[in-house]
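Letter by letter, the chains look like this.
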Amino acid sequence: MYLTILALPLLGAITAGFLGRKIGVTGAHVITCTLLVISALLSIVAFYEVGLSGSPSILTVSMLLPVLIVSSLVHIFSVDYMAADPHNQRFFSYLSMFTFFMLVLVAGDNYLANKSAIKALTVNRVGDMFLSVVFGNLDYSTVFSLSPFINESALTIIGLLLLLAAMGKSAQLVGALTAFFAATTGLLQNDIKRVIAYSTCSQMGYLQYNVALFHLVNHAFFKALLFLAAGGVLHSMQDQQDLRKLGGLINFLPFTYTAILVGSLSLMAFPFLTGFFSKDLILELAYGQYEFSGTITAMITAFYSFRLISMTFLTYPNAPKGDYEHTHEQPLIVVVPYVILSLLAIFFGYLAKDLFVGPGSDFLSSALFIHPTHITLVEAEFGIPLFYKLLPAAGSILTGGPGYAMYKFFNGKYFFDVIYNNYIINKALSLGLVTSKVLDRGLVEKIGPFGLTGSFYNTSRQLATLDTGIITSYALYIILGLISITLLLFVPVLRDTTGSVLRLVLLFVAGLVAIIG
């Protein structure tokens, strides 16, 4: 059965690769996905037999479980994601082949097999050479058995060379420094996949000695969920990866939003989700050794996770209108991997905690020896005040929103431009508008040239209407003129007699009314 687990992905790769034209696209989908699902189910059986029933095996069943479950779901997800690709058979052949070599990597029982699936570096080769020279063998069991009898300097050199090889391959520094470096690098990334990728690199820094395997398995589930959900966003938004050109997708992709939210909360070690049970324990173990740097990194993780969610789903839409018109939620074949990985990201940590790291559990007793001086679970469980245990979770919860607000504050250059534009420039522009519309084009123009020209023009038009060509009208105008001239001649004589002038004016007005009437 154990060899079948490795053989099925290889069989799928060979079938899809060499018989792709005969079986067609659908045949390649069905064969590769079915074989991967069967292999995943067999890995669950192997996990039960080796991990729970104590059956002896050289396979790393704990790693077979996440690798095959995630790979099976990736195969299913790719059926829709790669539907438009003209070379589906080739893609699924490569994907199954990749899964096979991944299984070879995690299932190998010796250093050579373990490294053969990795991009080898010079220091890696030197490390393998030292092992072969010193021990005469590369098998794990032989090396572990002979280690107590080997020169300490040789063991130190071998360990350093292997460490440098791993660091060169996966861009690692040392534990907490790696977590902090990758987390801070991911803070300002605008590519949605790069944010998740740097998050993965950061999480590798948490892989401490005795709970590393548990966190690695947990991490595989919620990080796979994040990558698949990010792929769903890209697939729906014309392959747009720039966070600055997304936004407002919560109403268009609610299910994908839920998947990314679940994965991000588990990544942030939100209480009682899968990531919480391993990541929080790692930080507690670090507290037991008086190391607090992991808490800062956990807070940074919460910040860039909240930033990714906010810029992708919650902020204003920044993509072209056509992208939103053609966006769509994922089909059922993609929803299935989302649901399974979401359930694992929520419940797996709780269900597997006692098995992997529970006090008294003998799950790893035959595979991992922990020296008594390195056992810190007791101190972490009973010797650390409750405040320090709650600090990572509380910091993660309280850092996300305020941290993103602080990011926008610093990214906005302390909002000096906002204050200057809103309260100075805009006010000055409003005042200029009032000056232009009301004063310049209002009072000045109406009273000034436009007003004077308009008055003369209107007056001349009204006077022109008096020229009717009717004799009686002209006679009326003559009489009015005589009366007016007469009044003007008598006003200087009567200017000292106010009453006489008033009577004369009234007489003139009465005469005008009588004539007009």
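Here is what the cut-offs are and how they apply
- Starting afresh in each chain, residues are numbered from 1 along the sequence in its written order.
- The predicted origin of the model limits local features to residues at a pLDDT of at least 70 and limits the giving and counting of side-chain atom pairs to 80 or more, whereas totals for whole chains, interfaces and linings rest on all residues.
- Note that the side-chain values use all heavy atoms of the structure and ignore hydrogens as well as water.
- Helix and strand assignments follow DSSP, with helices taken as H or I runs no shorter than four residues and strands as E runs no shorter than two, numbered in order from the N terminus.
- Two residues form a contact once any of their heavy atoms are found within 4.5 Å.
- All accessible-area figures derive from a Shrake-Rupley calculation using a 1.4 Å probe, and residue coverage is judged against the displayed protein chains alone.
- For this document, the term salt bridge refers to a Lys or Arg side-chain nitrogen within 4 Å of an Asp or Glu carboxyl oxygen.
- Exposed residues in this analysis have more than 50% of their type's maximum accessible area, buried residues have under 20%, and partly exposed residues fall in between, with area computed by a 1.4 Å probe over protein chains only.
- Each residue gets a pLDDT score, which is the predictor's confidence in that residue and runs from 0 to 100.
- Polar contacts, as used here, are pairs of N or O atoms within 3.5 Å; protein pairs need one atom able to donate a hydrogen and one able to accept it. Residues neighboring in sequence count only if both atoms are side-chain atoms.

Asks: Give me the lowdown on the overall build of the protein chain, citing residues and values where you can.
Replies: Scanning the protein chain from terminus to terminus reveals 22 helices and 0 strands. In the protein chain, the proportion of contacts linking residues at least 24 apart, taken out of those at least 6 apart, comes to 77%. Summed over its atoms, the accessible surface of the protein chain is roughly 28500 Å², and 70% of this surface lies on carbon and sulfur atoms.

Asks: Can you lay out the pattern of salt bridges for me, pointing to particular residues and giving the numbers?
Replies: Using the criterion set out here, one finds 2 salt bridges in the structure. For Asp 242, the salt bridge identified is with Arg 244, shortest N-O distance 2.9 Å. Since its relative accessible area comes to 15%, Asp 242 is described here as buried. In this structure, the salt-bridge partner of Lys 321 is Glu 325, at a minimum N-O distance of 3.9 Å. Placement of the pair is Lys 321 and Glu 325 together in helix H15 (residues 321-326), with a separation of 4 residues, close to one helical turn. One exposure class covers both Lys 321 and Glu 325, and it is exposed.

Asks: Give me the lowdown on the environment of Leu 246, citing residues and values where you can.
Replies: With respect to the secondary-structure elements, Leu 246 resides in the loop between helix H11 (212-236) and helix H12 (254-267). Sequence separation of Leu 246 and Met 311 is 65 residues, and the distance between their C-alpha atoms is 6.8 Å. In contact with Leu 246, other than residues within four places in its own chain, are Val 233, Met 237, Gln 240, Met 311, Thr 312, Tyr 316, Pro 317, Asn 318, Ala 319 and Tyr 324.

Asks: Which residues make up the confidence of the model for the protein chain, and what values go with them?
Replies: Interpreting fine coordinate detail is not advised for predicted regions of low pLDDT. Taken over all residues, the pLDDT of the protein chain has a mean of 79, while the share at 70 or more is 76%. Throughout residues 116-124 the model reports pLDDT below 50, and contacts reaching past four residues in sequence, or to other chains, amount to 14 contacts.

Asks: Describe the side chain of His 75, listing the residues and the values that go with them.
Replies: Structurally, His 75 is set in helix H3 (residues 61-81). What makes His 75 buried here is its relative accessible area of 0%. With near-sequence residues (within four places) excluded, His 75 lies in contact with Thr 32, Cys 33, Leu 36, Phe 92, Leu 95, Ser 96 and Thr 99.

Asks: So what's going on with the side chain of Thr 32? Which residues, and what values?
Replies: If you trace the backbone, Thr 32 turns up in helix H2 (residues 20-52). Judged by its relative accessible area of 0%, Thr 32 falls in the buried class. Within polar-contact distance, the side chain of Thr 32 engages the backbone oxygen of His 29 at 3.4 Å. Those residues in contact with Thr 32, other than ones at most four positions away along the chain, are Gly 12, Ala 16, His 75, Phe 92 and Ser 96.

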